[in-house]
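In case you want the letters, here they are:
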Amino acid sequence: MLLLGIDIGTSSVKVSVVDSASQKLIATAQYPDSESPIKALHSGWAEQSPDMWWEHTQKAIHLCHKSADYNPQDISAIGIAYQMHGLVLVNKQGEALRDSIIWCDSRAVEIGNKAFDEIGGEKCLSHLLNSPGNFTASKLAWVKQNEPEIYKQIDKVMLPGDFIAMKLTGSVSCSVSSLSEGVFYDFITDSFSDDILKYYDFDRNLFPEILPVFSEHGYVSATIAQSLKLREGTPVTYKAGDQPNNALSLNVLQPGEVAATAGTSGVIYGVSDELTYDKQSRVNTFAHVNYMPQQKRLGVLLCINGTGSLNRWVKNTFSSSASYGQMNDLAKTVAAGSDGLRILPFGNGAERMLNNKQIGVHFHGIDLNHHTSAHIFRAVQEGIASAFRYGLDILRENGMSPSVIRAGKANLFLSEVFGQSFSNFTGVPVELYKNDGSVGAAIGAGIGARIYKTTAEAFTYMKPMQLIEPDGQDIEPFYQEWKALLENQLAIVK
């Protein structure tokens, strides 16, 4: 039996077909080759079209079929991973009413902060495990306040993965995990948050049926099956946000286990069995994919908005003709510390770990007679690694001290400089695996379809490709200098 995984990313949609028995990747494809556009009508805004995601999903599936390495009719279950926190609004015909307000959009920060103050900080943190901040609930409140004609037409509120599942099957559902990432869920009552619904005056009927993450979320319709060469009735058996899904794909499911990713954004994601929260809401806690009221499994998430996005900007600005591999090779020619060049990698919206401040990207210490593009390439990766260290120290304040961090060998972790810098700056060994979000979604589909009797069985053949350990370089002075620059900038920005 084959499993199809779909990963709805910010940059592209990637799909993979996995053999359920061997857990081997059979074929993979992504669309488009270039990065998908993000619409920014105003500073701090970020939107994408849900219909674009659906178009890219279909094209990626067709590209995967072109490999001719499998029979699409043998696909037994489908799993979906998606960019978290995006607000998707549809009418009764299932049509998107507006572009999605995606994860890095900052327009609702003030709305969420006001809700935090008026509901009560302690109540929000103890019940929601988060501030409403810039999450989906606050984005929905922004639409209600600023686009009332659109709000009146809403039949269902959903997240990006829910929309793609609806397009495949015609069915609409959500999960405790997805509700919690939107900050609609009360962990004390284990139900919808009455505080959020009442404060924002949201109708409960706007939200779909709640189903477990691993369950049947609908069946591929006859029309879509014919169009995509799939078997009619193939079930969608798994839906999860990209970071919980990344953790799943790395077999990070039990308390104390920690995953990291450094794609468009950067994330450290650890699993806890306690209803924990950061008093400043700099890190966020959501229901993990295996959360159950009787067996708490929480994902504690530290996010840096601009990691791969900064690396892409630097590539396009300073060396558009170079590949990322060539950039990484140039970065290796520069010694650790980048000869005094320091970069603060924060230019992609409000940063939760910086108390929702938008400080932008800053280059410090440029010597026009010495520094080259190679220095910039290295300083970017060291700056991102420093941001991970800063965030990990916040997680340590909240009781999470990993002895090892698991990551997929992809995106920035393809860079030798970044991988070693990450381990050196955090002081934690890193295990790298051959994994990505679409493969994780496929494995999730197998768990949801009960093809695997246990989650452990789904990772029978999983082994690390590489172990990166701190190499003994004294990088602490570099980090402390970087941290002082960050704190100075934070003091300037209100």
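One can find the structure itself at the top, above this paragraph.
This write-up is about the structure you can find in this document. Remember, it's a predicted structure, so these values are computed and weren't measured experimentally.

### A word on the overall build of the protein
Then, number 1: A tally of regular secondary structure across the protein gives 16 helices and 22 strands.
Then, number 2: Here the protein has a C-alpha radius of gyration of 22 Å; the compact-globule value for 494 residues is 23 Å, and the two agree.
Then, number 3: In terms of principal-axis extent, the alpha carbons of the protein reach across some 65 × 55 × 40 Å.
Then, number 4: A total of 494 residues make up the protein; the buried ones form 61% of that total.
Then, number 5: Relative to all contacts within the protein whose residues are 6 or more apart in sequence, the contacts with residues 24 or more apart total 74%.
Then, number 6: With an accessible surface of roughly 19,100 Å², the protein has 48% of that area assigned to carbon and sulfur atoms.
Then, number 7: Side chains of the protein carry 41 positive and 52 negative charges; the gap between the two charge centres is 2 Å.

### A few points about the pattern of salt bridges
Then, number 1: Tallying each qualifying case throughout the model produces 24 salt bridges.
Then, number 2: Salt-bridge contacts for Glu-47 lead to Arg-107; the nearest nitrogen and oxygen are separated by 2.7 Å. Taken together, the residues span a long stretch of sequence, with Glu-47 in strand E4 (residues 47–48) and Arg-107 in the loop between strand E7 (100–101) and helix H2 (109–119) at a distance of 60 residues. Taken as a pair, Glu-47 and Arg-107 share a single burial class, namely buried.
Then, number 3: Among the ionic pairs, Arg-378 bridges to Glu-382, the shortest N-O distance being 2.9 Å. With a gap of four residues between them, Arg-378 and Glu-382 both fall in helix H13 (residues 373–397), about one helical turn apart. A single burial state applies to Arg-378 and to Glu-382, both of which are buried.
Then, number 4: When salt bridges that share partners are traced, they join Glu-47, Arg-98, Asp-105, Arg-107 and Glu-147 into one network.

### Here's the deal with the packing of helix H10 (residues 242–249) against helix H15 (residues 437–448)
Relative orientation and spacing of two packed helices are given, respectively, by the angle between their axes and the distance between those axes.
Then, number 1: Direction vectors running N to C along H10 and H15 enclose 75 degrees, while the axes themselves pass 8 Å from each other. Relative to H15, the element H10 lies roughly perpendicular. Facing H10, whose interface residues are Asn-245, Leu-248 and Ser-249, H15 presents Gly-437, Gly-440, Ala-441, Gly-444 and Ile-447.
Then, number 2: Of the residues belonging to the contact of H10 with H15, the class tally is three nonpolar, five polar and no charged.

### Some words on the pairing of strand E13 (residues 236–241)
Then, number 1: Judged by how many residues are buried, E13 sits mostly within the fold: six of six residues are covered.
Then, number 2: Inspection of the sheet shows strand E5 (residues 75–82) paired to E13 by five bridges, in the parallel sense. Its bridge partner being in E13, Tyr-82 is matched across the sheet by Gly-241.

### A few points about the nonpolar core
Then, number 1: Counting 51 residues, the largest nonpolar core has Phe-346, Met-353, Tyr-390, Phe-413, Phe-418 and Leu-486 as the members making the most contacts within it.
Then, number 2: The leading source of residues in this core is H13, at twelve residues.
Then, number 3: Those residues within four positions of Phe-413 in sequence are excluded, and the remaining contacts are Ala-260, Thr-261, Ala-262, Ala-407, Gly-408, Phe-418, Gly-419, Phe-422, Val-430 and Leu-432.
Then, number 4: Residues Leu-125, Leu-128, Val-183 and Phe-286 belong to the second largest nonpolar core, which totals 50 residues.

### Brief notes about the sheet that holds strand E22 (residues 466–468)
The strands that make up a sheet pair up through hydrogen bonds in the backbone, lying either parallel or antiparallel.
Then, number 1: Ordered in space as E16-E17-E15-E14-E20-E21-E22, the seven strands form an open sheet in which the pairing is mixed. Every interior strand has two partners, whereas the edge strands, strand E16 (284–287) and E22, have only one. Neighbouring strand axes in the sheet, compared pairwise and without regard to direction, differ in orientation by 25 degrees on average.
Then, number 2: Judged from the three bridges that link them, strand E21 (residues 430–433) and E22 form a sheet pairing that is antiparallel. In the strand pairing of E22, Leu-432 is matched with Gln-466.

Here is what the cut-offs are and how they apply
- Residues numbered from 1 in each chain as written.
- Predicted model: local features only at pLDDT ≥ 70, side-chain atom pairs only at ≥ 80, totals over all residues.
- Heavy atoms only, no water.
- Helix = DSSP H or I, 4+ residues; strand = E, 2+ residues; numbered from the N terminus.
- Rg over C-alpha atoms; globule rule 2.2 N^0.38 Å.
- Buried < 20%, exposed > 50% of the residue type's maximum accessible area, 1.4 Å probe, protein only.
- Contact = heavy atoms within 4.5 Å.
- Areas by Shrake-Rupley, 256 points an atom, 1.4 Å probe, with all protein chains shown as cover.
- Lys, Arg positive; Asp, Glu negative; His and termini not counted.
- Charge placed at Lys NZ, Arg CZ, Asp CG, Glu CD.
- Salt bridge = Lys/Arg side-chain N within 4 Å of Asp/Glu carboxyl O.
- Axes fitted to C-alpha atoms, helices over the stretch in contact; angles between N-to-C directions.
- Parallel < 35°, antiparallel > 145°, perpendicular 65-115°, else oblique.
- Nonpolar A, V, L, I, M, F, W, Y, C, P; charged D, E, K, R; others polar.
- Pairing = 2+ DSSP bridges.
- Core = buried A, V, L, I, M, F, W, Y, C linked by side-chain atoms within 4.5 Å.

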